[in-house]
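Examination of the molecular architecture
The lines below spell out each chain.
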Amino acid sequence: MYRITVPATTANLGPGYDVLGMALSQYSVFECELSDEIVIELDGLEKEKLTIENNLVINCMNKLFEKIGKYPSGYHIKITNGVPLARGMGSSATAIIGGLLSANALIDFPLSKDAILELATEIEGHPDNVAPALLGNLIVSTKIDNGEIVYKSITPFDELMCVLFIPDYEISTSSSRGVVPKSFEIRDAIHNMSHLTLMIMGFMTGDTNIISKTMNDVIHEPYRKSLILGFDELKKSALDAGAFGFALSGAGSTVIAFCDKADVERVSESLQETRNMLGIAGKVKKIEPCRNGATCEKID
Ligand code: HSE
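What counts and how
Residues numbered from 1 in each chain as written. Predicted model: local features only at pLDDT ≥ 70, side-chain atom pairs only at ≥ 80, totals over all residues. Heavy atoms only, no water. Pairing = 2+ DSSP bridges. Helix = DSSP H or I, 4+ residues; strand = E, 2+ residues; numbered from the N terminus. Axes fitted to C-alpha atoms, helices over the stretch in contact; angles between N-to-C directions. Contact = heavy atoms within 4.5 Å. UniProt positions renumbered as here; feature names shortened; annotations may be inferred. 1 Å grid on protein atoms, 1.4 Å probe; cavity = no way out; pocket = protein on both sides within 12 Å on 5 of 7 lines; lining within 4 Å. Buried < 20%, exposed > 50% of the residue type's maximum accessible area, 1.4 Å probe, protein only. Salt bridge = Lys/Arg side-chain N within 4 Å of Asp/Glu carboxyl O. Polar contact = N/O pair within 3.5 Å; in protein donor to acceptor, adjacent residues only side chain to side chain.

Details of the sheet that holds strand β7 (residues 160-167)
Taken together, the four strands give an open sheet; going across it, the order is β8-β9-β7-β10, and neighbouring strands pair in antiparallel fashion. Whereas interior strands pair on both sides, the edge strands pair on one side only; in this sheet they are β8 (245-248) and β10 (282-287). Strand-to-strand twist across the sheet, computed as the mean angle between neighbouring axes with direction ignored, equals 20°. With respect to the sheet, helix α10 (residues 264-278) is in contact with β7, β8, β9 (255-260) and β10, its orientation differing from that of β10 by roughly 170°.

Notes on the pairing of strand β5 (residues 138-143)
The sheet contact formed by strand β2 (residues 20-34) and β5 spans three bridges and is antiparallel. Across the sheet, residue Met-22 finds its bridge partner in β5, namely Leu-138. The loop that links β5 with its antiparallel partner strand β6 (residues 149-154) comprises five residues; one of these, Gly-147, has a positive phi angle of about 95°.

What about the UniProt feature "binding site: ATP" (unreviewed entry) in the protein chain?
Cross-referencing UniProt, the feature "binding site: ATP" (unreviewed entry) maps to Pro-84, Leu-85, Ala-86, Arg-87, Gly-88, Met-89, Gly-90, Ser-91, Ser-92, Ala-93 and Thr-94 in the present numbering. Checked against the lining of the largest pocket, the annotated residues just named reduce to Leu-85, Ala-86, Arg-87, Gly-88, Met-89, Gly-90, Ser-91 and Ser-92. Within the fold, Leu-85 resides in the loop between β4 (75-81) and α2 (91-106). Judged by its relative accessible area of 17%, Leu-85 is buried. Beyond its immediate chain neighbours, meaning those up to four positions away, Leu-85 contacts Glu-46, Lys-49, Leu-50, Ser-91 and Glu-170. On the secondary structure map, Ser-92 appears in helix α2. Overall, the relative accessible area of 28% leaves Ser-92 in the partly exposed class. Discounting residues that sit within four places of it in the chain, Ser-92 has contacts with Leu-56 and Glu-124.

Looking at the pattern of salt bridges
Taken as a whole and assessed by the stated rule, the structure comprises 12 salt bridges. In this structure, the salt-bridge partner of Arg-177 is Asp-18, at a minimum N-O distance of 2.6 Å. With Arg-177 in helix α5 (residues 173-178) and Asp-18 in the loop between β1 (2-11) and β2, this pair connects stretches of sequence that are 159 residues apart. For Arg-177, a relative accessible area of 27% translates into the label partly exposed. The partner of Asp-263 in a salt bridge is Arg-266, and the shortest N-O contact between them spans 2.7 Å. For Arg-266, a relative accessible area of 47% translates into the label partly exposed. When salt bridges that share partners are traced, they join Glu-46, Lys-49, Arg-87 and Glu-170 into one network.

So, the side chain of Thr-10
Relative to the helices and strands, Thr-10 resides in strand β1. Side chain to side chain, Thr-10 and Ser-249 meet in a polar contact 2.7 Å long. Every residue in contact with Thr-10, bar those within four places of it in the chain, is listed here: Leu-20, Gly-21, Met-22, Leu-24, Asn-129, Ser-249, Gly-250 and Ile-256.

Here's what the structure looks like:
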C-alpha cells in the first residue's frame, strides 16, 4: 500500500497572479493499493461535500492510466481530505497531485516528477498551485511556448509564518477569475512585474522590509476585493499587528498574512478580533510553510 501526502497551497502572494505559490503545512492524504475491484473511500474535512461521481482525484487517476495506456484491474483508495474546498487553499491542486501520484504509484511509477507537473498543469490550467503542492516551498513557475513547465524553488526563510483567515463562505475559482479584467494598461503590467521580482528577492533573502513594500498587486486583488468580506479591515488589522505582508490566498475566500514567528500570536489575535467585530464566520489559523512538498511512502 502507498500513502501519498499532499500539502495545501497559497497562490499569487499579491503580485504573483498565476506565477507564484507556496506550500502550506496542512495536508490531504491518499492511501491506495491494488485490488480486484475499484473501491473509493472518502473521509476528512468537509467530506459531506465530496462525491464519488465526477471526483477530481479519480478523474486524474484515469487521465494518468489513459496517458500511459496501462489500467490496473482494480484498486482501493482512501482519500482523507485536509484542505477546505473553494477557499483559495489549493484544494483542487491537492486533489490533482494526489490523484496523479496515486495512479503513478499503482502502475510502478512510469512518470517523473516533471511529467506529473506537466500533466497537473494541463488539468488545472496554470501551474501556481500544482507546482508547490508537488514540490513544496515557494515556487515560481511558467509554461513556455513548447509546453514545458519552467520553475524555480525558493526555500522560505526560517522565521516565516503565515496566519490565515479561512471564512466559512466559499468562492468558486471561475467566478473569482471572472472579475479580473482581460487586458491592462502597460503601467499596471510594469507595476506587477517590478513588485513581483523585488518581492521574490525579498523571500529569497529574508528581507521582510522589501516584501512589505512590494506585496501590492494591481491586476487581480482590486477587482476581487469586492467578493471578499472585510478585506481592507482584515488587511489593516494584520499589518498593524506586525505582519509584513497580506494578500488574498489564491482566488479566495481565504486571506493570508505573512509575519515573523515572533509576531504570529499578535497577528493571529488581531485577525480574530477583527473577524469577531465584523461578524464573519470562519477560522483564524497559524500555518507554517511546507518545505517538502508531496510525499509517497510504501507502507505495510
Ligand atoms: N492563480 C489562481 C487564481 C489560483 O488566482 O485564480 C487559483 O487557482
